[in-house]
Amino acid sequence: MHLLITGASGFIGQALCQHWQGQHQLTLVSREPAAHRRPGKGRQPHFVKLSQLQDLTPFDGIVNLAGEPILGRRWSQAQKQRIGQSRWQITARLVDLLSRSQPKPRVWLNASAVGYYGWHGGEALDETRGTIAPGFTHDICARWEELAQEASQWGARVCLLRLGMVLGRQGGALAGMLPAYRLGLGATLGAGQQIYSWIALPDLLRALDFLLKHDECQGAYNLTSPQPISQADFSRQLAQALGRPHWLHLPAGLLSLLLGERASLLLKGQRVLPSRLQAAGFAFDYPSLDQALPALLR
Ligand SMILES: NC(=O)c1ccc[n+]([C@@H]2O[C@H](COP(=O)([O-])OP(=O)(O)OC[C@H]3O[C@@H](n4cnc5c(N)ncnc54)[C@H](OP(=O)(O)O)[C@@H]3O)[C@@H](O)[C@H]2O)c1
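Criteria and cut-off values
Residues numbered from 1 in each chain as written. Predicted model: local features only at pLDDT ≥ 70, side-chain atom pairs only at ≥ 80, totals over all residues. Heavy atoms only, no water. Near = heavy atom within 4 Å. Polar contact = N/O pair within 3.5 Å; in protein donor to acceptor, adjacent residues only side chain to side chain. Areas by Shrake-Rupley, 256 points an atom, 1.4 Å probe, with all protein chains shown as cover. Helix = DSSP H or I, 4+ residues; strand = E, 2+ residues; numbered from the N terminus. Nonpolar A, V, L, I, M, F, W, Y, C, P; charged D, E, K, R; others polar. Buried < 20%, exposed > 50% of the residue type's maximum accessible area, 1.4 Å probe, protein only. Pairing = 2+ DSSP bridges. Contact = heavy atoms within 4.5 Å. Axes fitted to C-alpha atoms, helices over the stretch in contact; angles between N-to-C directions. Parallel < 35°, antiparallel > 145°, perpendicular 65-115°, else oblique. Expected span 1.5 Å × (residues − 1). 1 Å grid on protein atoms, 1.4 Å probe; cavity = no way out; pocket = protein on both sides within 12 Å on 5 of 7 lines; lining within 4 Å. Points joined across faces, edges and corners; volume = space filled by probe spheres on them.

**Quick notes on the site of the ligand**
Phase 1: Ser9, Ile12, Ser30, Arg31 and Arg87 are the nearest of the 24 residues found near the ligand.
Phase 2: Between the ligand and Ile12, the relevant distance is 2.8 Å, taken from an oxygen atom to a main-chain nitrogen or oxygen of the residue.
Phase 3: Note that an oxygen atom of the ligand is positioned 2.8 Å from one of the backbone N or O atoms of Leu65.
Phase 4: Notes on the ligand: free accessible area 880 Å², of which the protein chains cover 81%.
Phase 5: Elements that contribute at least two residues to the shell around the ligand include exactly helix 1 (11-20), helix 2 (77-99), strand 5 (107-113) and strand 8 (165-167).
Phase 6: Classifying every residue of the shell around the ligand gives 12 nonpolar, nine polar and three charged.

See below:
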């Protein structure tokens with residue numbers, strides 16, 4: 001298939017491009033295509049700017065991952081706008097390009113996040129069960145999903161990817177934690193009872209393959225392992241997998257002081273289950289963290 005991928009230079013995008021290299025023809029969207037030229041004369045990834053595209057006619061499928069990092073900067077009102085608009089504008093632009101395409105791409109995989117459900121205690125949430133708690137992360141994801149879903153009016157099969165914390169050594173949350181944990185500075189954060197819904201990067205890549213290939217799949221999918229875990233257990237298991245001690249505790253107040261409202265990403269959570277993905281026949285290679293960590297850290 002010929003696939004267009006936005007956010008291709010990011011943590012998930014890079015891993016996906018590597019995974020699909022040789023299997024699919026890839027056109028990659030970046031705000032700065034020239035920044036991704038590889039040194040030497042070898043084959044270059046095909047990066048373009050979104051503004052260079054007149055329509056989406058050449059593509060069989062779209063994978064839309066782009067957006068301002070969530071944790072990167074303090075959540076001022078301006079930064080919250082940037083987080084939302086960076087996702088919404090690209091998605092709306094892609095749908096506009098889709099409307100002008102003939103023929104049109106058949107499939108559209110659009111990133112979203114478990115933040116769609118808002119912050120919860122231990123209540124199990126899947127795509128059909130559970131309440132949605134209002135708030136910033138829900139607002140971002142709900143609008144993002146709504147815009148992407150418009151592609152279905154033009155005949156595309158839209159899958160909304162409610163991603164949990166993606167664990168890979170190359171980037172994202174795990175890569176951010178590793179330096180501290182390697183120094184023996186892994187910590188319980190606040191009460192430690194907040195639930196983290198996570199997915200191992202190799203399972204995510206296989207799940208994206210699955211959704212791309214299964215024509216019957218459409219709508220929202222939780223891309224999370226079937227075994228979410230409390231922050232305290234996550235932290236203990238990570239320290240143990242690295243052979244490091246685990247004794248530190250960071251009080252919630254200190255984290256809030258350091259990170260502002262962003263601390264909610266660490267101090268709150270939600271127990272999200274991948275019910276629709278499993279019902280569709282997808283099997284996880286790494287359902288539990290104690291299976292995933294040794295493979296990810298190898
Ligand atoms: N990683 C996770 O655990 C996780 C969990 C839940 C949801 N997600 C969502 O999945 C998507 C991919 O995640 P990721 O971890 O791969 O993200 P990432 O590493 O931060 O990469 C996102 C990409 O989006 C582009 N981008 C950044 N800021 C932008 C802006 N202001 N406007 C337009 N484009 C911008 C960048 O590409 P260029 O600089 O080349 O333009 C960047 O490579 C994100 O939207 C994220 O919110 C990720």
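Don't stop here, the text continues.
**Focus on the pairing of strand 5**
Phase 1: Of all seven residues in strand 5, six are buried, a share of seventy percent or more.
Phase 2: Both strand 4 (residues 61-64) and strand 5 contribute to a ladder of four bridges, which runs parallel. In the sheet register, Ile62 faces strand 5, and the bridge partner there is Trp108.
Phase 3: The pairing of strand 5 with strand 7 (residues 157-163) spans seven bridges and is parallel. Among the inter-strand pairings, Leu109 is bridged to a residue of strand 7, identified as Cys159.

**Topic: the environment of Gln278**
Phase 1: Take Gln278: it is sitting in helix 9 (residues 275-279).
Phase 2: Gln278 sits 57 residues away from Tyr221 along the chain, and the two C-alpha atoms are 9.7 Å apart.
Phase 3: Not counting residues within four places of it along the chain, the set of residues in contact with Gln278 comprises Pro226 and Phe284.

**Considerations on the packing of helix 2 against helix 3 (residues 136-149)**
Phase 1: Running from amino to carboxyl end, helix 2 crosses helix 3 at an angle of 10°, the nearest separation of the two axes being 9 Å. What the angle tells us is that helix 2 and helix 3 run roughly parallel. Across the interface between the two elements, Lys80, Ile83, Gly84, Arg87, Trp88, Thr91, Ala92 and Val95 of helix 2 pack against Phe136, Asp139, Ile140, Arg143, Trp144, Leu147 and Ala148 of helix 3.
Phase 2: Classifying every residue of the contact of helix 2 with helix 3 by side-chain character gives nine nonpolar, two polar and four charged.

**Here's the deal with helix 2**
Phase 1: For helix 2, spanning 23 residues, the distance from its first C-alpha to its last is 32 Å, which sits close to the expected 33 Å at 1.5 Å a residue.
Phase 2: Along helix 2, the residues that are buried comprise Gln79, Lys80, Ile83, Gly84, Ser86, Arg87, Trp88, Thr91, Leu94, Val95, Leu97 and Leu98.
Phase 3: Here the buried face of helix 2 lies against strand 1 (2-6), strand 4, strand 5 and helix 3.

**Looking at helix 3**
Phase 1: An ideal rise of 1.5 Å per residue puts 20 Å on 14 residues; helix 3 measures up with 20 Å between its terminal C-alpha atoms.
Phase 2: Listed as buried for helix 3 are Phe136, Thr137, His138, Ile140, Cys141, Trp144, Glu145, Leu147 and Ala148.
Phase 3: Summarising the contacts, the buried residues of helix 3 are in contact with strand 4, helix 2, strand 5, strand 7 and helix 8 (264-267).

**A few points about the layout of surface pockets**
A probe as big as a water molecule, rolled over the atoms, marks out the empty space that is left.
Phase 1: Considered as a void within the structure, the second largest pocket measures approximately 610 Å³ in volume.
Phase 2: When residues in the lining of the second largest pocket are grouped by element, the largest group, five residues, is from helix 1.
Phase 3: In terms of residue class, the lining of the second largest pocket is built from nine nonpolar, 13 polar and two charged.

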